[in-house]
Each structure stands twice: as structure tokens, then as C-alpha cells.
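Chain residues, written in single-letter form:
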Amino acid sequence: QVQLVESGGGLVQAGGSLRLSCAASGRTFSSYAMGWFRQAPGKEREFVAAISWSGGSTYYAESVRGRGTISRDNAKNTVYLQMNSLKPEDTAVYYCAAKAGSSSWDLYEYDYWGQGTQGTVSS
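Residues numbered from 1 in each chain as written. Predicted model: local features only at pLDDT ≥ 70, side-chain atom pairs only at ≥ 80, totals over all residues. Heavy atoms only, no water.

### A closer look at the packing of aromatic side chains
Two aromatic rings, taken as a pair, are described by how far apart their centres are and by the angle between their planes.
Then comes step 1: Inspection of the entire model under this criterion finds six aromatic pairs.
Then comes step 2: When the ring of Phe37 is compared with that of Trp113, the centres are 5.1 Å apart and the planes differ by 55 degrees; the resulting orientation is tilted. Pair noted here: Phe37 is in strand 4 (residues 32–39) and Trp113 is in strand 10 (residues 112–113), with a separation of 76 residues, a long-range link.
Then comes step 3: Judged by centre distance (6.5 Å) and plane angle (80 degrees), the ring pair of Tyr95 and Trp113 falls under edge-to-face. Of this pair, Tyr95 sits in strand 9 (residues 92–100) while Trp113 is found in strand 10, placing the two residues 18 residues apart along the sequence.
Then comes step 4: Overall, the relative accessible area of 13% leaves Tyr95 in the buried class.
Then comes step 5: What makes Trp113 partly exposed here is its relative accessible area of 27%.
Then comes step 6: Here a set of aromatic residues connected by ring pairs shows up, and it is made of Phe37, Phe47, Tyr95, Tyr110 and Trp113.
Then comes step 7: If you follow Arg19 out to its NZ or CZ, it ends over the ring of Tyr80, 4.4 Å from the centre.
Then comes step 8: The ring of Tyr95 is capped by Arg45, whose NZ or CZ atom sits 3.7 Å from the centre of that ring. (Phe/Tyr/Trp six-rings, centres within 6.5 Å; stacked < 30°, edge-to-face > 60°. Helix = DSSP H or I, 4+ residues; strand = E, 2+ residues; numbered from the N terminus. Buried < 20%, exposed > 50% of the residue type's maximum accessible area, 1.4 Å probe, protein only. Lys NZ or Arg CZ within 6 Å of the ring centre and 35° of its normal.)

Quick look at the structure:
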């Protein structure tokens, strides 16, 4: 099993940046594709970004393309989400997730989830 803990959320002004981190337990982190999802109040959880087990392939939702960067450091068992040029509509609880196999935008395919970290963007 994999346990995930997000960090790095907080309050930021519109146009600013956040760097979210997700630390994974165990020695199997490198075997999993990783994803970031977010959920705003009153909305369904939505895909943000995903990265393959090797880090060689990345995928982004249209809403964050050009502003978000997902990366991973398997030696540190950590995946990151760098968000720039933040907008108020980026306000959400951000979750990292892990799945065996290839990357996916479908949250139902992910096996493990972190507790989430709140990112708030003020106008």
C-alpha cells in the first residue's frame, strides 16, 4: 500500500504561485503513476495533472495548462505540483493520488489518496 500526505497549500494572491508537495511512504513509490486532483466547494473533484511512473510523460487539464507543472522525485518519494499565475477559480482542496499502471485523468482509476491540502487564491 501507499500512504500519501500533501503539503504546501495556503493563501496566495491572484497572480501568485503555490508549490504543492505530496510525500509517499514505503519503497514502491516509483512503481506508481501519480495524479493531482482538486475539488472546489459545491463542485465535483476534477483532474489537474498526472505523471507517469518514470516522470517521462505528463498530462494537464486545460484549465491549468501552461500554468501548472507536475514533477516527481522518486528518490525522495515525492511528487510536486507547481501552480503559477493563480486565479481565484483555482481555489480548491488539492489531492494527490497514486495508481498502479499508466497515467490517467480518471479519478476512479486511482488506488490511493492523500488527505488534501487547501489552496486559496484571493482576488
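Let's pick the thread back up.
### Focus on the nonpolar core
Then comes step 1: Counting residues in each nonpolar core, the largest one holds 33 residues, and the members touching the most others are Leu4, Met34, Trp36, Ile70, Val79, Leu81 and Tyr94.
Then comes step 2: Beyond its immediate chain neighbours, meaning those up to four positions away, Val79 contacts Leu20, Ser21, Cys22, Phe29, Met34, Trp36, Ile51, Ile70, Ser71 and Arg72. (Core = buried A, V, L, I, M, F, W, Y, C linked by side-chain atoms within 4.5 Å. Contact = heavy atoms within 4.5 Å.)

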